[in-house]
There are 2 protein chains.
Amino acid sequence: MSQRLKKMRSVLAKQGLDALLVRTFEGDSNNVYYLSGFSGSAAVLVITKKKAFIVTDGRYYMRAQKEAPEFKLVKVKRGSRLTEHINEALTMAGLGKTSKVGFESDHLSVHFAKTWCKEIKAKLVPTVHLVERFRQCKDSCEIELLTLACKVTSRVFREVAPLIKAGMTEAEVAFAIDMRLRKHGASGNSFSTIVASGPNSAMPHYATGQRKLKAGEPVILDFGGVFPGGYCSDLTRTIFVPGKKPQAELVKIYKIVLSANKAARKALKPGITWKQYDKVARDYIEQHGYAKQFTHGLGHSLGLAAHDPYDYEHDPFQEGAVVTDEPGIYCEGLGGVRIEDDLVVTADGAERLTSAPYLRV
Amino acid sequence: MSQRLKKMRSVLAKQGLDALLVRTFEGDSNNVYYLSGFSGSAAVLVITKKKAFIVTDGRYYMRAQKEAPEFKLVKVKRGSRLTEHINEALTMAGLGKTSKVGFESDHLSVHFAKTWCKEIKAKLVPTVHLVERFRQCKDSCEIELLTLACKVTSRVFREVAPLIKAGMTEAEVAFAIDMRLRKHGASGNSFSTIVASGPNSAMPHYATGQRKLKAGEPVILDFGGVFPGGYCSDLTRTIFVPGKKPQAELVKIYKIVLSANKAARKALKPGITWKQYDKVARDYIEQHGYAKQFTHGLGHSLGLAAHDPYDYEHDPFQEGAVVTDEPGIYCEGLGGVRIEDDLVVTADGAERLTSAPYLRV
């Protein structure tokens, strides 16, 4: 955490800011956690050139002291306003009306911003993605945790795949997956497990339901856990329900998607852009006649969130980026195939963190 | 949904708006779901006096058509901007530059608002809690779903409580709870299950860990599921690990907390304010000498979110409000007790939806 605070302060200096306010936001506490170690759901960090405060309420006093020892605890009292206590921290750091205090403009709603601008005694300056940009590249400790997360998730697939049979419901398959994620160390799901069978597999983000699996059908399994340290995995495999030969076109699609997945992995390296990365898989799928059926992006950044922040438009890949590689083809009526791996960008290429097997088709 | 759309339109008229934009926001899609039935994670509703559109991307085309049949689907194409498609919907409704279009100011970040104001071809007007205010009072169908959610959650407590023994870890107890929630119909947890044992029970929002339970200690179990229709439950019980008599002070605290819980329930009825409701429990706890150890609010609204929106400061209770009743006393070093029920406000009082037993102390 010291390293991260130090980095953050160098950014403050560059931006000409006297302080930065970092807050938990609608259940997203990842920036706060990343900088401080505090894992609760409600706090504001006040980071100045020399000091660091964590402002939180009675539910979290003890946890903040325990998890964020580098931050001085400022207690929000019942009935008082959060902004009073932010001001208290700013005052303790010797800051006042003329100080430039950054706030995360995409972590503060228009509604809330009105209150902050009125009540916080400083010059508030909107900032964008200052913490998120650090989070784009994972350090060795983070990569270790993500490697573990992906390893366990792959194991869950290997355990569950042989259990899948015609007659089971999608929800039963999801239950089997989720139980094993927890059993093997996840504290929860990194998103709601998707089990999309038969015609439902043509919906990329289908909500798992009570439909019964039929022999020969494709089933998309897309799931991940939140593992120690708060790091997320995200794995997709498509299988065919045993008992009947799958339709030839679905097998053909499977091969195309798998090749697109592998082509993208081989192309991934520092310096290329997300657009270039996406294009590798998209071109391959287009050449094989399914351009219109690949209806989503190739992947996203992965870390403390299943969809970790990344400036996809502007920032090319750097060593330490961890991303998904998940091409898919979805044909209404027929069904769909998606195959997703998690990759880490290395000095000269990319390595696969997920090791769940593909089908031999 | 028709009823809800109708209500929404009457609000538009009152506010002098030609349209309202309702969007999913950082994983919170409850307003969109409430009005349209669409349960995906990314969409913008464009509701005008006569028309209703759902703007979403390729992952969700089919789901939007299926779940939100009253809304005309506007497809966000890959590579195009969301705002283009919002403009497309506004144009189809005959709206343009001079039309007044409301947006939810607490569901749009300062950062995003800049883009919307620049790109959306209408006069954008910030609104606050227009949809949330409808969500405060549950209709009979919602109350039925919440009743079911609370019933199942209480059953899970009754099943798990007898299994709890010295030597188990907190995480094992949480696993036993979470498995049963899923088994009995929850699609997931409504928040991370809290199992706080011994000294950890003094932290109101403790993060379940690997600590082993010891005989005689208090253990706070705070959990809930997301049940059919998306409705959440939220239940807390405190038990003492069998095998040793609990400390006298903890038993005393248990009695105080339980009496405070019951007193609050008896006081709850339409017309009283949240402050008055809170005060009933707080006064009782204060009279018994633990005012400073009750460090959080008495409760919150419950519905599609575990912490459902409610204008706590301004809106007194109305029939159909569903709320938690969760006083607690937390003594650093000694431990804590919290007892939480979910209540529905009736015509002349309140009824308990949770039926998990209390301890006989």
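Residues numbered from 1 in each chain as written. Chains lettered and ligands numbered in written order. Predicted model: local features only at pLDDT ≥ 70, side-chain atom pairs only at ≥ 80, totals over all residues. Heavy atoms only, no water.

**Examining the relation of the copies chain B and chain A**
Part 1 of the reasoning: Superposition of chain B onto chain A requires a rotation of 180° combined with a translation of 0.0 Å along the rotation axis, giving an RMSD of 0.0 Å. In short, the pair behaves as if placed about a two-fold rotation axis. Residue Ser109 of chain B of chain B places its C-alpha closer to the rotation axis than any other residue of that unit, at 2.0 Å.
Part 2 of the reasoning: A shared interface surface links the copies, since 100% of the contact residues of chain B are contact residues in chain A too. (Least-squares fit on C-alpha atoms with pLDDT ≥ 70 in both. Contact = heavy atoms within 4.5 Å.)

**What to know about the environment of Thr208 of chain B**
All names here are of chain B.
Part 1 of the reasoning: Its location among the elements puts Thr208 in the loop between strand 8 (194–197) and strand 9 (218–223).
Part 2 of the reasoning: C-alpha of Thr208 to C-alpha of Ala171: the two residues are 37 residues apart in sequence and 6.1 Å apart in space.
Part 3 of the reasoning: Thr208 has contacts with Glu170, Ala171, Ala174, Thr193, Ile194 and Val195, leaving out every residue within four places of it along the chain.
Part 4 of the reasoning: At a separation of 2.7 Å, a polar atom in the side chain of Thr208 contacts the main-chain carbonyl oxygen of Thr193. (Helix = DSSP H or I, 4+ residues; strand = E, 2+ residues; numbered from the N terminus. Polar contact = N/O pair within 3.5 Å; in protein donor to acceptor, adjacent residues only side chain to side chain.)

**Some points on the sheet that holds strand 16 (residues 341–345) of chain A**
Residue and element names in this part refer to chain A.
Part 1 of the reasoning: Within the open sheet, the three strands sit side by side as 13-16-17. Their pairing is antiparallel. Of all the strands in the sheet, the pair left with one neighbour each is strand 13 (322–325) and strand 17 (350–352). In this sheet, adjacent strand axes meet at a mean angle of 35° when their direction is disregarded.
Part 2 of the reasoning: Pairing of strand 13 with strand 16, which is carried by four bridges, proceeds in the antiparallel orientation. Pairing of Val323 across the sheet is with Leu343, part of strand 16.
Part 3 of the reasoning: Packed onto the sheet, helix 9 (residues 248–267) meets strand 13, strand 16 and strand 17 and runs at close to 155° relative to strand 13. (Pairing = 2+ DSSP bridges. Axes fitted to C-alpha atoms, helices over the stretch in contact; angles between N-to-C directions.)

**What about the interface of chain B and chain A?**
Part 1 of the reasoning: Contact residues are listed per partner, giving 39 residues for chain B and 39 residues for chain A.
Part 2 of the reasoning: A combined buried area of about 3500 Å² lies between chain B and chain A, and 62% of that area is made up of carbon and sulfur atoms.
Part 3 of the reasoning: Counting the surface chain B buries against chain A, the share from its top three residues, Arg59, Met62 and Arg78 of chain B, is 18%.
Part 4 of the reasoning: At the junction of chain B with chain A, the criterion picks out four salt bridges.
Part 5 of the reasoning: With a closest N to O distance of 2.5 Å, Asp178 of chain B and Arg182 of chain A form a salt bridge.
Part 6 of the reasoning: Applying the counting rule to chain B against chain A returns 14 residue pairs in polar contact (both at pLDDT 80 or more).
Part 7 of the reasoning: If you list the elements that add at least two residues to the side of chain B that touches chain A, you get helix 3 (61–67), helix 5 (110–119), helix 8 (170–183) and helix 10 (274–287) of chain B.
Part 8 of the reasoning: With six residues, helix 8 of chain B is the largest single contributor of residues to the side of chain B that touches chain A.
Part 9 of the reasoning: Its residues placed into classes, the side of chain B that touches chain A shows 17 nonpolar, nine polar and 13 charged. (Buried area = accessible area lost by both parts, 1.4 Å probe. Salt bridge = Lys/Arg side-chain N within 4 Å of Asp/Glu carboxyl O. Nonpolar A, V, L, I, M, F, W, Y, C, P; charged D, E, K, R; others polar.)

**Some words on the side chain of Ser29 of chain B**
Part 1 of the reasoning: Among the secondary structure elements, Ser29 of chain B is positioned in the loop between strand 1 (19–23) and helix 2 (30–36).
Part 2 of the reasoning: The residues contacting Ser29 of chain B, other than those within four sequence positions of it, are Thr24, Ser39 and Gly40 of chain B.

**Observations concerning helix 9 (residues 248–267) of chain B**
Part 1 of the reasoning: The end-to-end C-alpha distance of helix 9 of chain B is 29 Å, a good match for the 28 Å that 20 residues give at a rise of 1.5 Å each.
Part 2 of the reasoning: Burial in helix 9 of chain B covers these residues: Leu250, Val251, Ile253, Tyr254, Ile256, Val257, Leu258, Ala260, Asn261, Ala264 and Arg265 of chain B. (Expected span 1.5 Å × (residues − 1). Buried < 20%, exposed > 50% of the residue type's maximum accessible area, 1.4 Å probe, protein only.)

**What about the packing of aromatic side chains?**
Part 1 of the reasoning: All chains considered together, the criterion is met by 21 aromatic pairs over all chains.
Part 2 of the reasoning: Where Phe38 of chain A meets Tyr60 of chain A, the ring centres are 5.4 Å apart and the plane angle is 85°; that geometry is what we call edge-to-face. With Phe38 of chain A in the loop between helix 2 (30–36) and strand 2 (44–48) and Tyr60 of chain A in the loop between strand 3 (52–57) and helix 3 (61–67), the pair connects residues that are 22 residues apart, well separated along the chain.
Part 3 of the reasoning: The buried category is assigned to Phe38 of chain A, whose relative accessible area is 0%.
Part 4 of the reasoning: Relative accessible area serves as the criterion here: at 3%, Tyr60 of chain A is assigned to the buried category.
Part 5 of the reasoning: An angle of 65° between the planes, with centres 5.3 Å apart, marks the rings of Trp274 of chain B and Tyr310 of chain B as edge-to-face. Residue Trp274 of chain B is located in helix 10, and its partner Tyr310 of chain B is located in the loop between helix 10 and strand 13 (322–325); the two are separated by 36 residues in the primary sequence. Comparing Trp274 of chain B with Tyr310 of chain B shows no difference in burial state: the two are buried.
Part 6 of the reasoning: Linked through ring pairs, Trp274, Tyr277, Tyr310, Tyr312 and Phe317 of chain A together constitute an aromatic cluster.
Part 7 of the reasoning: Over the ring of Phe294 of chain A we find Arg282 of chain A, and its NZ or CZ is 3.9 Å from the ring centre.
Part 8 of the reasoning: The ring of Phe112 of chain B is capped by Arg23 of chain B, whose NZ or CZ atom sits 4.5 Å from the centre of that ring. (Phe/Tyr/Trp six-rings, centres within 6.5 Å; stacked < 30°, edge-to-face > 60°. Lys NZ or Arg CZ within 6 Å of the ring centre and 35° of its normal.)

**So, the side chain of Thr56 of chain B**
All names here are of chain B.
Part 1 of the reasoning: By the element assignment, Thr56 lies in strand 3 (residues 52–57).
Part 2 of the reasoning: Under the relative-accessibility criterion, Thr56 is labelled buried at 1%.
Part 3 of the reasoning: Separated by 2.7 Å, the side chain of Thr56 and the backbone oxygen of Ala42 make a polar contact.
Part 4 of the reasoning: Apart from residues no more than four positions distant in its own chain, Thr56 is found in contact with Phe38, Ala42, Ala43, Tyr61, Ala64, Leu73, Val74, Lys75 and Val76.

**Points about the pattern of salt bridges**
Part 1 of the reasoning: The tally for this structure, following the rule as stated, stands at 40 salt bridges over all chains.
Part 2 of the reasoning: Note that Arg133 of chain B and Asp315 of chain B form a salt bridge whose closest N and O atoms lie 2.9 Å from each other. Residue Arg133 of chain B is located in helix 6 (residues 130–136), and its partner Asp315 of chain B is located in the loop between helix 10 and strand 13; the two are separated by 182 residues in the primary sequence.
Part 3 of the reasoning: What makes Arg133 of chain B partly exposed here is its relative accessible area of 48%.
Part 4 of the reasoning: Each of Arg4, Asp139 and Glu142 of chain A takes part in salt bridges that share partners, so that together they form one network.

**Let's talk about the pairing of strand 3 of chain B**
Residue and element names in this part refer to chain B.
Part 1 of the reasoning: Across the six residues of strand 3, five count as buried, placing the element largely inside the fold.
Part 2 of the reasoning: Judged from the four bridges that link them, strand 2 (residues 44–48) and strand 3 form a sheet pairing that is antiparallel. Paired with Val44 across the two strands is Val55, which belongs to strand 3.
Part 3 of the reasoning: Counting the residues in the hairpin turn of strand 2 and strand 3 gives three residues.
Part 4 of the reasoning: Summarising the sheet, strand 3 and strand 4 (residues 72–76) pair through five bridges and their orientation is parallel. Among the inter-strand pairings, Val55 is bridged to a residue of strand 4, identified as Val74.

**Observations regarding the domain arrangement of chain A**
All names here are of chain A.
Part 1 of the reasoning: What the domain assignment lists for chain A is domain 1 (2–135) and domain 2 (137–352).
Part 2 of the reasoning: The C-alpha centroid of domain 2 is placed 35 Å from the C-alpha centroid of domain 1.
Part 3 of the reasoning: Interface area, domain 1 with domain 2, both sides summed: about 830 Å², of which 38% is carbon and sulfur.
Part 4 of the reasoning: Area buried by domain 1 at its contact with domain 2 is led by Tyr33, Arg133 and Arg135, which between them contribute 54% of it.
Part 5 of the reasoning: Summed over the shared surface of domain 1 and domain 2, the number is four salt bridges.
Part 6 of the reasoning: Taken together, domain 1 and domain 2 are joined by seven residue pairs in polar contact (both at pLDDT 80 or more).
Part 7 of the reasoning: Breaking the side of domain 1 that touches domain 2 down by element, the ones donating at least two residues are helix 2 and helix 6 (130–136).
Part 8 of the reasoning: With four residues, the top contributor of residues to the side of domain 1 that touches domain 2 is helix 6.
Part 9 of the reasoning: In terms of residue class, the side of domain 1 that touches domain 2 is built from three nonpolar, one polar and four charged. (Domains from an automatic or database assignment.)

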